[in-house]
Amino acid sequence: MNPFSSGTRLRDMIRSIRACKTAAEERAVVRKECAAIRAAISENDQDYRHRNLAKLMFIHMLGYPTHFGQMECLKLIAASGFPEKRIGYLGLMLLLDERQEVLMLVTNSLKQDLNHSNQYIVGLALCALGNICSAEMARDLAPEVERLLNSRDPNIKKKAALCSIRIIRKVPDLSENFMYPAASLLKEKHHGVLISGVQLCIELCKASKESLDHIRRNCTDVLVRILKDVSNSSYAPEYDIAGITDPFLHIGVLRILRILGHGDADSSEAMNDILAQVATKTESNKNAGNAILYECVETIMGIEATSGLRVLAINILGRFLSNRDNNIRYVALNILMRAISVDTQAVQRHRTTILECVKDTDASIRKRALELVFLLVNDTNAKHLIKELIDYLQVSDPDFKEDLTAKICLIVEKFSQDKLWYLDQMFKVLSLAGNFVKDDVWHALVVAISNAPDLQGYSVRLLYSALQASLEQESLVRVAVWCIGEYGEMLVNNVGFLDSEEPMTVTESDAIDLVELALKRHTTDTTTRAMCLVSLLKLSSRFPPTSERVKGIVIQHKGNVELELQQRSIEFSSIIQRHTGIKSTLLERMPVLDEASYLSKRAGSTEKTSSGYPKSTASGDSKITSSVKVPNGVAKPPTTAAMPNLIDFSIDDAPVPPTSTTASEPPNFMMDLIDINLPSSPPSGGEPAPVINRNIIDDLLSIGTSPVENGLPASSSFPTITKSTVPETKSAPVSDLLDGLSLSLDSSSSPSREEEHKSITAFQSGNLKITFSFRKQPEKPQATLIHATFTNLSSNAYTNFIFQAAVPKFIQLHLDPASSNTLPANGNGTITQSLTLTNTQHGQKPLAMRIRMSYKVNNEEKLEQGQVSNFPSGL
């Protein structure tokens, strides 16, 4: 026989394909075999039809196209013999799916086979229908499947129940037809039928509220009895796994009990006793027992259980944490994170074990345990947990240090009870993992030090000692050199010495030596070197005898390839050499910054500026500008947002509040690069000074300022967020670099006011409310800025919340990111989102918009939509 004829046996074809040494040889063999099968199909060869289809299925599994054999499946299914039907149904499930139109031709054959007298043929039809059933087939064949649920054969019942699950998923409206047959399946003795019946009941509970109520009312006691019987049953070889009788039935019943008991006190009370029995009697030395205990804990935490039962469940999780299996520990940590909102005290009892998991060798367990520890922290245990975490920080893996450092800093900031403890812990973190500390964390530390006059001497001495021990931590170097530059005289004179400190002697030369060492370290980045230069300049004022030495160190960078360092070197050298009369005034200590204002800005506060002008907002993760107040209470112009707004017009036309230009106004320390007290009078000629919006931290650390902002000639342009008209200045020689110090940084320009319109309720249903507020700028009448606020009116939190909008072609739409994707329940919080509409036919056509909101409620997708047509007139 030709080895590639249609009569070739399946095993011979497989052997030929496996003997191929290259992909090209394999393709050639498959091509010849497919050609032979096509020829057999065209000749209507019935003797080898089942063999050809078996070979096509193997070829299909190798990834080659086999669509030409689909009709052969239908012919085999229509045959009368069981072997042909078996191959036909197998090919049907493998070669076709529910989207194939040819599948409609098999519906009649399926109906006939579901009514066949041979139970094995009925089983084939049920298996095929359960795998590829479409919505149309489900509606046509549901009565036959429902009838088979009452069959006497347990195998038919089992397969019919599994097929019913597929039908309910495709057509949920048919669930009411299966409620009573499903309940009757729970009275069977055969475990296979029980497991299938439980799965069918679970699917019915998910499909409709009526089915859930029916099963809760009629099946709760039956399920409790099943669980009790299987838990107390004696040894049965056919169901025993690792000494436990049928763990699969255990788990299925526990899952449906969790669904039935959720939110229902009566059902929960009926199952409390059996859950306690399962939790206490099940052995945990085998995986089967651990699986049952895990589902039991999930059920206890999901129903309205008693407090004692919940404590029992959490104690089981505590035992899981001591297990050697990483998977068991991981799932225990996952459940504990959910359980902490239910019974915090019970979880707190296992705090020591959870802390040990933070030190685990498995990265996923470490991260999850760290998240759980963060949730466990409160005012009473914060100091103990921080001590443990910092001790572990010394020996933790570099890959884990970033996450660990971030959590430690968050805990210290949130639960610091006094400033001394806060500073001590932050200094330890900087010394151990300064390279992993985020910029906003050490910025906040600097602001805290500037607001603690009694601890400034202690801080500079502690940072000096830490810097001597290690120069490798970048954030430590930055904070230390800033403190040494600001409070160098406190370091040398031991000002503010605390009882807990050890005496130390530091000379002026020692302080400069350490800053110089940090400056010359080869791994130091440009920002840190710039801070070192500023620190040296300030030390030259604090320690006048060292001015020449400082000048020699600073001048070394006049040819630096980094423009920032080169510019600072030349300017600072000029200050030391030519402006000794005003140097002490220029280099005064940084004024105390308003810590509350900085923290509110960092948190994205929405407070208005003290000048009374409209607040400038930015959506998403960007910060909200707020006024910064000097100690005497005089409000200064607002700084720019920490992140630029995505909407262009809110940047270009940001309002600039007018400021006084009288000489009696205090100097604006937020505008000063190196604490230079600039006069507030405008330059000669009555021209308004350039408007510079600055970030508080950049000013505090004296980094990133362009020469124009200091009133100095600029050799290059620097980008700024707020666009302003800056007077052109001609370049000047180095000797005249400081001649422009009399330039004012205040502005007397009038702000560009925005028009606010009445807010509207754009959409409201029984579960969701959306409010739109509007703003317009007179110079852009066609553009409308909309601030949308979403409120959840239901008792369930919404997750994965997404807002979508569609507008006509004459309107351009720009959506900013939303503030969150989780909407709290009962109106306890909101989500905000900004959007901009540009009406290209303003004045001719009004605004119109269609909106759609998608979200999840208890892991169930929800969708709401509507039309907004009640926009205020004039938009």
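Residues numbered from 1 in each chain as written. Predicted model: local features only at pLDDT ≥ 70, side-chain atom pairs only at ≥ 80, totals over all residues. Heavy atoms only, no water.

Asks: Can you walk me through the overall build of the protein in this structure?
Replies: Counting its secondary structure elements, the protein contains 34 helices and 10 strands. Considering only intrachain contacts with a sequence separation of at least 6, the fraction spanning at least 24 residues in the protein is 68%. Counting only carbon and sulfur atoms, one obtains 49% of the accessible surface of the protein, whose full area is about 40,600 Å². (Helix = DSSP H or I, 4+ residues; strand = E, 2+ residues; numbered from the N terminus. Contact = heavy atoms within 4.5 Å. Areas by Shrake-Rupley, 256 points an atom, 1.4 Å probe, with all protein chains shown as cover.)

Asks: Teacher, can you tell me more about the pairing of strand β8 (residues 830-839) here?
Replies: The two faces of the sheet receive side chains in turn, since in a regular strand these alternate between them. Across the 10 residues of β8, seven count as buried, placing the element largely inside the fold. Sheet analysis places strand β5 (residues 780-792) next to β8, joined by nine bridges and oriented antiparallel. Its bridge partner lying in β8, T784 is registered against L837. As paired elements, strand β7 (residues 811-815) and β8 share five bridges and run antiparallel to each other. Bridge assignment links I811 to a residue of β8, and that residue is N839. (Buried < 20%, exposed > 50% of the residue type's maximum accessible area, 1.4 Å probe, protein only. Pairing = 2+ DSSP bridges.)

Asks: Sorry if this is basic, but what is going on with helix α19 (residues 351-358) here?
Replies: Think of an α-helix as 3.6 residues a turn; residues three or four steps apart then line up on the same face. Along α19, the positions that sit buried rather than exposed are I354, L355, C357 and V358. Taken around the axis of α19, the buried residues stretch over an arc of 155 degrees, which confines them to a single face. Tucked inside the fold, the buried residues of α19 contact α16 (307-321), α17 (326-339), α18 (344-348), α20 (363-376), α21 (382-393) and α22 (398-415). (Arc of directions from axis to C-beta.)

Asks: Please clarify how the packing of aromatic side chains should be interpreted in this entry.
Replies: Within a pair of aromatic rings, the relevant descriptors are the distance that separates the centres and the angle that separates the planes. Across all of its chains, the model carries nine aromatic pairs by this definition. An angle of 65 degrees between the planes, with centres 5.9 Å apart, marks the rings of F774 and F871 as edge-to-face. Of this pair, F774 sits in strand β4 (residues 768-777) while F871 sits in the segment after β10 (860-868); the two residues are 97 residues apart in sequence, bridging distant segments of the chain. On the basis of relative accessible area, F871 is assigned to the buried category, the value being 12%. Site record: aromatic cluster; members linked through ring pairs are F790, Y798, F801, F803 and Y855. Seen from the ring of F68, R38 lies directly overhead, with NZ or CZ sitting 4.2 Å from the centre. Cation over ring: R366 sits above F400, and NZ or CZ is 4.9 Å from the ring centre. (Phe/Tyr/Trp six-rings, centres within 6.5 Å; stacked < 30°, edge-to-face > 60°. Lys NZ or Arg CZ within 6 Å of the ring centre and 35° of its normal.)

Asks: Help me understand the nonpolar core in this model?
Replies: The nonpolar side chains of soluble globular proteins are, as a tendency, buried together. L92, L223 and I484 are the most contacted members of the largest nonpolar core, which has 202 residues in total. With 11 residues, helix α26 (residues 474-493) is the largest single contributor of residues to this core. Those residues in contact with L223 that lie beyond four places of it in its chain are L186, V198, V253, I256, L257 and L260. Listed in part, the 28 residues of the second largest apolar core include I770, F790, L835 and F871. (Core = buried A, V, L, I, M, F, W, Y, C linked by side-chain atoms within 4.5 Å.)

Asks: Sorry if this is basic, but what is going on with the pattern of salt bridges here?
Replies: For side chains bearing opposite charge, pairing can occur when the charged atoms are close. Per the stated rule, a full pass over the model turns up 35 salt bridges. Residues E489 and R542 are paired through a salt bridge, measuring 3.6 Å at the closest nitrogen-oxygen approach. Here the residue E489 occupies a position in helix α26, and R542 occupies one in helix α28 (residues 526-542), the gap between them amounting to 53 residues. One salt bridge in this structure joins R589 and E489, with 1.9 Å as the shortest N-O distance. With R589 in the loop between α31 (580-586) and α32 (595-602) and E489 in helix α26, this pair connects stretches of sequence that are 100 residues apart. Salt bridges sharing partners connect three or more residues here, namely D513, E516, K520 and R549. (Salt bridge = Lys/Arg side-chain N within 4 Å of Asp/Glu carboxyl O.)

Asks: Just checking my understanding: could you explain the state of the cysteines for this structure?
Replies: What makes a disulfide is a covalent bond joining the sulfur atoms belonging to two cysteines. The full count for this structure, using the stated rule, is zero disulfides. Of all cysteine sulfurs in the structure, the one in C219 sits closest to C201, which takes part in no disulfide; the separation is 5.3 Å. Free of any disulfide, C205 has its nearest cysteine sulfur in C201, 6.6 Å distant. A residue is classified by how much of its surface remains accessible, and C205, at 8% relative accessible area, is buried. (Disulfide = S-S within 2.5 Å.)

Asks: Just checking my understanding: could you explain the confidence of the model for the protein for this structure?
Replies: Looking at the protein, pLDDT values average 81 and 82% of them are 70 or higher. Here helix α33 (residues 648-652) is the element of the protein with the lowest mean pLDDT, 36, and helix α13 (residues 247-261) is the one with the highest, 95. Confidence drops under pLDDT 50 across residues 1-5; counting only partners more than four residues distant or on other chains, this segment forms 13 contacts. Predicted confidence for residues 605-752 stays below pLDDT 50, and this span has 276 contacts to residues more than four positions away or in other chains. (pLDDT = per-residue confidence, 0-100.)

Asks: I keep staring at the pairing of β10 and nothing clicks. Help me out?
Replies: Here nine bridges tie strand β9 (residues 849-857) to β10, and the two strands are oriented antiparallel to one another. If you follow M849 over to β10, its bridge partner there is V868. Taken together, β9 and the strand that follows it, β10, pair antiparallel across an intervening segment of two residues, in which N858 is found at a positive phi of about 55 degrees.

Asks: Explanation requested: the sheet that holds β9 in the structure shown.
Replies: Pairing between the strands of a sheet comes from backbone hydrogen bonds, and it takes one of two forms, parallel or antiparallel. Strand order in the open sheet formed by three strands is β6-β9-β10, and the pairing between neighbours is antiparallel. Of all the strands in the sheet, the pair left with one neighbour each is β6 (799-806) and β10. Taking the axes of each pair of neighbouring strands and ignoring which way they run, one obtains an average angle of 15 degrees across the sheet. Taken together, the six bridges between β6 and β9 define a ladder with antiparallel strand orientation. (Axes fitted to C-alpha atoms, helices over the stretch in contact; angles between N-to-C directions.)

Asks: I'm lost on the side chain of S569 in this one. Help?
Replies: The topology assignment puts S569 in helix α30 (residues 563-578). According to the relative accessible area criterion, S569 is buried, its value standing at 0%. In terms of polar contacts, S569 uses its side chain to reach the backbone amide nitrogen of K558, at 3.2 Å. Once you skip the residues sitting within four places of it in the chain, S569 turns out to touch V554, I555, H557 and K558. (Polar contact = N/O pair within 3.5 Å; in protein donor to acceptor, adjacent residues only side chain to side chain.)

Asks: Could you clarify how one ought to interpret helix α8 (residues 135-148) in this entry?
Replies: With 14 residues, α8 extends 19 Å between its outermost C-alpha atoms, agreeing within 8% with the 20 Å of an ideal straight helix rising 1.5 Å per residue. Along α8, the largest kink reaches about 55 degrees and is centred on L141; proline P143 follows within four residues of it. Among the structural elements, α6 (107-114), α7 (119-132), α9 (154-170) and α10 (175-185) are those in contact with the buried residues of α8. (Expected span 1.5 Å × (residues − 1). Bend = angle between axes of the 7 residues up to and from the residue.)

Asks: Looking at this structure, how should I read the environment of L462?
Replies: Position of L462 among the secondary structure elements: in helix α25 (residues 456-469). Spatially, the C-alpha atom of L462 lies 8.9 Å from that of A480, the residues being 18 residues apart in sequence. Residue contacts for L462: discarding those within four places in its chain leaves D424 and F427.

Asks: What am I meant to see in the packing of helix α3 (residues 49-61) against helix α4 (residues 70-77) here?
Replies: Helix packing geometry: the angle between the two helix axes and the distance between the axes. In contact at an axis separation of 10 Å, α3 and α4 are set at 135 degrees when each is read in the N-to-C sense. As judged from the angle between their axes, α3 and α4 are oblique. α4 is crossed by α3, and the crossing has left-handed handedness. Where α3 abuts α4, its residues R49, H50 and L53 lie against E72, C73, K75 and L76. Counted by class, the contact of α3 with α4 contains three nonpolar, one polar and three charged residues. (Parallel < 35°, antiparallel > 145°, perpendicular 65-115°, else oblique. Left-handed = near helix turned anticlockwise from the far one by under 90°. Nonpolar A, V, L, I, M, F, W, Y, C, P; charged D, E, K, R; others polar.)

Asks: Sorry if this is basic, but what is going on with unusual backbone geometry here?
Replies: Peptide bonds are trans in most cases, and residues, glycine excluded, mostly fall at negative phi. Phi is positive for A242, close to 55 degrees, though the residue is something other than glycine. Note on placement: A242 falls in the loop between β1 (240-241) and β2 (244-245). Of the residues examined, A242 reaches a relative accessible area of 45% and is grouped as partly exposed.

Asks: In this structure, what is going on with the packing of α22 against helix α23 (residues 419-433)? I would like to understand it.
Replies: Between α22 and α23, whose axes approach to 10 Å, the crossing angle comes to 170 degrees. The pairing of α22 with α23 is recorded here as roughly antiparallel in orientation. Contacts between α22 and α23 involve K401, T405, I408, C409, V412, E413 and F415 from the former and W421, Y422, Q425, M426, V429, L432 and A433 from the latter. Here the residues of the contact of α22 with α23 sort into 10 nonpolar, two polar and two charged.

Asks: How should I be thinking about the side chain of E144 in this particular structure?
Replies: Here E144 is to be found in helix α8. If near-sequence neighbours (up to four positions away) are discounted, E144 is found in contact with K111, L114 and N115.

Asks: What am I meant to see in the environment of E516 here?
Replies: Considering the arrangement of structural elements, one finds E516 in helix α27 (residues 508-520). Note: C-alpha distance between E516 and S535 (19 residues apart in sequence) is 9.8 Å. Once residues lying within four places of it in the same chain are set aside, the contact partners of E516 are R549 and I553. At a separation of 3.1 Å, a polar atom in the side chain of E516 contacts the side chain of R549.

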